[in-house]
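The lines below spell out each chain.
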Amino acid sequence: MTPLLQVRDISRSYGPRIGCADVSFELYPGEVMGIVGESGSGKSTLLGCLAGQLAPDAGEVLFDTRAEGPRDTLKMSEPERRMLGRTDWAFVHQHARDGLRMGVSAGGNVGERLMAVGERHYGEIRTQALDWLGRVEIPDDRVDDRPRAFSGGMQQRLQIARNLVTGPRLVFMDEPTGGLDVSVQARLLDLLRGLVREMGLSAIIVTHDLAVVRLLADRLMVMKDGRVVEGGLTDQVLDDPQHEYTQLLVSSVLQV
Amino acid sequence: MSEGWNKMSDQGQEMDAYNFAYLDEQTKRMIRRAILKALAVPGYQVPFASREMPMPYGWGTGGVQVSAATLTPEDTFKVIDQGADDTTNAVSIRRFFERTAGVATTDETAQASVIQTRHRIPETPLTEDQILVYQVPIPEPLRFLEPSEVETRKMHSLEEYGLMHVKLYEDISRHGEIATSYAYPVKVEGRYVMDPSPIPKFDNPKLSDCPAIQLFGAGREQRIYALPPYTRVVSLDFEDHPFIPSKADHACDLCASRDSYLDEVITDDAGGRMFVCSDTDYCRTRRASATPGLNSPDMTEACS
């Protein structure tokens, strides 16, 4: 099977400081990869490089495009990469307000990607928007409300709906549950797990919350100071950590 | 370009301190370059070094600069504001060019070679010998959805116009129809999405395939864009909510025209109102050429 995403030796530094260095991995269709590490370990830099938001200093990101097979997204022209960002890719931000248009109704937010890829039938857009709001458990009568009037958890679910409406194959998530309280987190995780399984999504989830990766991720990479210190199956890494930093990380989690 | 000097002294006014049409030749040259580029790339917003003009921003500084760069001493100039020749803005700008350029001015659309307009396109069809100059407050159609200029420029260059339909979507979801009634976004020759300046959407069809040159000047925002003659201009819409150029469902109470765009005028405190053509020249011409006695019966018909 062709990997959906092949990452080779991605490095990015900010002047003399390392953002991330020599990161390589492969992601297969339907697989969820977790990236964990403390603040400043280079998780978000890596995600930015993979999703085309940051230009890495070195390395390759090969994405298995529908039309032409594996292609280096870093060498694509900008229109191609942005097209990919609207169709086969999705990016869920930590703060919903970064990923939503706060002045546009929920329906408009979900419909934007459809209109961006050329949908020009209002009724059709409306139907799909309502369908997706339903899937992320937002009541139909909130479709014309602006995200400002939504709770944090609803905003995050709306952001997910907005991203998944075009049926992407790869979802980048940057701390999708950050800043939400635990019961809302639990519902969101439940929802995400359902959607990932149901749509056969591949996902890369950056988080510092080990519980999130335990629930969602098939595989795990542990980052420290911009480098990957350990990787493997999620349960294996979390239950039998080999690297001293991973051991520290796992033992730092508070048990209730 | 110095022929204008004599013309001014002919007027007997002490305008020798000014160049023809106020702006110096270097500035006009710069603006003309922007205009030529804008005509070469229809709908594309060309940045230009907008000058301070002796009037506040929002009063048509962009249009005035484009007119100044366009006028020649032989031109006949007309200015309309919301269709009318006799409103403050129109009177001021017309007098400005009477004094600084000494060009002939007119109220008649057909007689004018350069027409500066705020918020209307004249009802009388334009010809190949005419130039229409629009005053534009905000040239960027995507501005209220995407505040970043860097981002909107990128969207224009990559032809990413999905966002424009989000605005129309919002209209329909909130009002049941596309409620945008002026500054209605258009697509030019299948490429650039353009703000036609705050003309009523009733005027949008006149933008397309127009024999005259149409120039748009935004002074504060420092942008010029243009439509060369016979350019295809399409108003954006949805398949199930097509574009409808709307106007008040009435006839003009003065000239009985059913085809022209109407202003609603409140006449007293008791709810009295009348509808009149917003294009004063069109209305006057119709009344002058109409057979006597035509006005009154139509007025009663219109009011019933």
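Our subject is the structure that appears above.
Residues numbered from 1 in each chain as written. Chains lettered and ligands numbered in written order. Predicted model: local features only at pLDDT ≥ 70, side-chain atom pairs only at ≥ 80, totals over all residues. Heavy atoms only, no water.

In this section: the overall build of chain A. Within chain A, the secondary structure is distributed over 10 helices and 10 strands. Against the globule reference of 18 Å for 256 residues, chain A gives a C-alpha radius of gyration of 18 Å, in line with a compact fold. By its C-alpha atoms, chain A is 55 × 50 × 35 Å across when sized along the principal axes. Here chain A holds 256 residues, and the buried ones make up 52% of them. Taking the average place of the 29 positive charges on the side chains of chain A and the average place of its 36 negative ones, the gap between the two points comes to 6 Å. (Helix = DSSP H or I, 4+ residues; strand = E, 2+ residues; numbered from the N terminus. Rg over C-alpha atoms; globule rule 2.2 N^0.38 Å. Buried < 20%, exposed > 50% of the residue type's maximum accessible area, 1.4 Å probe, protein only. Lys, Arg positive; Asp, Glu negative; His and termini not counted. Charge placed at Lys NZ, Arg CZ, Asp CG, Glu CD.)

What follows deals with the environment of Gly15(A). Looking at the secondary structure, you find Gly15(A) in the loop between strand E1 (5–14) and strand E2 (17–27). Sequence separation of Gly15(A) and Arg97(A) is 82 residues, and the distance between their C-alpha atoms is 30 Å.

The next point concerns the pairing of E2(A). Residue and element names in this part refer to chain A. Sheet topology note: the E1/E2 ladder contains 7 bridges and is antiparallel. Along E2, the bridge assignment pairs Ser13 with Ile18. In sequence, E1 turns back onto E2 through a hairpin of 2 residues, with Gly15 there showing a positive phi of about 60°. (Pairing = 2+ DSSP bridges.)

Moving on, we get to the interface of chain A and chain B. In this assembly, 22 residues from chain A lie in contact with 21 residues from chain B. For the pair chain A and chain B, the two sides together bury roughly 1,900 Å², of which 56% comes from carbon and sulfur. Contact with chain B buries surface across chain A, with Arg82(A), Arg120(A) and Tyr122(A) losing the most and accounting together for 38% of the total. At the junction of chain A and chain B, the tally comes to 5 salt bridges. For Arg82(A), the salt bridge is made with Glu160(B), and the minimal N-O distance between the two is 2.8 Å. Taken together, the links from chain A to chain B amount to 13 residue pairs in polar contact (both at pLDDT 80 or more). Counting residues per element, the ones that place at least two in the side of chain A that touches chain B are helix H2 (78–86), helix H4 (106–116) and helix H5 (122–135) of chain A. Grouping the amino acids of the side of chain A that touches chain B by side-chain chemistry returns 7 nonpolar, 6 polar and 9 charged. (Contact = heavy atoms within 4.5 Å. Buried area = accessible area lost by both parts, 1.4 Å probe. Salt bridge = Lys/Arg side-chain N within 4 Å of Asp/Glu carboxyl O. Polar contact = N/O pair within 3.5 Å; in protein donor to acceptor, adjacent residues only side chain to side chain. Nonpolar A, V, L, I, M, F, W, Y, C, P; charged D, E, K, R; others polar.)

Attention now moves to the layout of surface pockets. Here the largest pocket is characterised by a volume of approximately 1,000 Å³. Lining the largest pocket we find 29 residues, and of these Gln53(A), Arg82(A), Gly85(A), Arg86(A) and Glu151(B) sit closest to its centre. Going through the elements one at a time, H2, strand E6 (89–92), helix H3 (96–99), H4 and helix H6 (152–164) of chain A together with helix H5 (149–157) and helix H6 (162–175) of chain B are the ones with two or more residues in the lining of the largest pocket. Approximately 580 Å³ is the volume found for the second largest pocket. Forming the walls of the second largest pocket are 23 residues, and the residues nearest its centre are Pro141(B), Phe144(B), Leu145(B), Met164(B) and Lys167(B). Broken down by class, the residue content of the lining of the second largest pocket amounts to 11 nonpolar, 4 polar and 8 charged. (1 Å grid on protein atoms, 1.4 Å probe; cavity = no way out; pocket = protein on both sides within 12 Å on 5 of 7 lines; lining within 4 Å. Points joined across faces, edges and corners; volume = space filled by probe spheres on them.)

All names here are of chain A. Within the element layout of this structure, Val165 appears in the loop between H6 and strand E7 (170–174). When its relative accessible area of 7% is taken as the criterion, Val165 is described as buried. Here the alpha-carbon distance between Val165 and Asp131, two residues 34 residues apart in the chain, equals 9.3 Å. The residues touching Val165, leaving out its near neighbours within four places in the chain, are Val110, Arg113, Leu114, Gln128 and Trp132.

A few words now on the packing of aromatic side chains. The tally for this structure, following the rule as stated, stands at 14 aromatic pairs over all chains. Each ring, one from Tyr122(A) and one from Phe238(B), has its centre 5.9 Å from the other, and the planes form 65°; the classification is edge-to-face. Placement of the pair is Tyr122(A) in helix H5 and Phe238(B) in the loop between strand E10 (233–235) and strand E11 (262–266), with the two residues belonging to separate chains. For the pair Tyr122(A) and Phe238(B), one class covers both residues: buried. Measuring from centroid to centroid gives 5.2 Å for Tyr18(B) and Tyr22(B), while their planes differ by 40°, and the two rings are tilted. Residue class for Tyr18(B) comes out partly exposed when judged on its relative accessible area of 35%. An aromatic cluster of at least three residues, connected via ring pairs, comprises Tyr18(B), Tyr22(B), Phe77(B), Phe96(B) and Phe97(B). The ring of Trp132(A) is capped by Arg135(A), whose NZ or CZ atom sits 4.2 Å from the centre of that ring. (Phe/Tyr/Trp six-rings, centres within 6.5 Å; stacked < 30°, edge-to-face > 60°. Lys NZ or Arg CZ within 6 Å of the ring centre and 35° of its normal.)

Of all the 10 residues making up helix H3 (residues 61–70) of chain B, 10 are buried; the element is thus mostly covered by neighbouring parts of the structure. Buried residues of H3(B): Thr61(B), Gly62(B), Gly63(B), Val64(B), Gln65(B), Val66(B), Ser67(B), Ala68(B), Ala69(B) and Thr70(B), and no others.

Once that is clear, we can look at the pattern of salt bridges. Counted by the stated rule, this structure contains 43 salt bridges over all chains. A salt bridge links Asp72(A) to Lys75(A), with the nearest nitrogen and oxygen atoms 3.2 Å apart. According to the relative accessible area criterion, Asp72(A) is buried, its value standing at 11%. In this structure Lys75(A) comes out as exposed when scored by relative accessible area, which is 65%. A salt bridge links Glu221(B) to Arg220(B); the shortest N-O distance between them is 3.8 Å.

Residue and element names in this part refer to chain B. Spatially, E7-E6-E10 is the arrangement adopted by the 3 strands of the open sheet, whose pairing is antiparallel. Pairing within the sheet leaves two strands with one partner each, and these edge strands are strand E7 (192–194) and E10. The mean inter-strand angle of the sheet, taken between neighbouring strand axes irrespective of direction, is 30°. Sheet topology places strand E6 (residues 186–188) next to E10; 3 bridges connect them, and they run antiparallel. Looking across to E10, one finds that Lys187 is bridged to Val234. (Axes fitted to C-alpha atoms, helices over the stretch in contact; angles between N-to-C directions.)

Residue and element names in this part refer to chain B. With 4 of its 5 residues buried, strand E4 (residues 114–118) lies for the most part within the structure. Both strand E2 (residues 76–81) and E4 contribute to a ladder of 5 bridges, which runs parallel. Residue pairing for E4: Ile80 is matched across the bridge by Thr117.

It is worth spelling out unusual backbone geometry at this point. In this structure, Asp22(A) takes a positive phi of about 50° despite not being glycine. Mapping Asp22(A) onto the fold places it in strand E2. What makes Asp22(A) partly exposed here is its relative accessible area of 48%. Its identity is not glycine, yet Ala21(B) carries a phi of approximately 60°, on the positive side. Considering the arrangement of structural elements, one finds Ala21(B) in the loop between helix H1 (3–10) and helix H2 (25–40). Under the relative-accessibility criterion, Ala21(B) is labelled buried at 0%.

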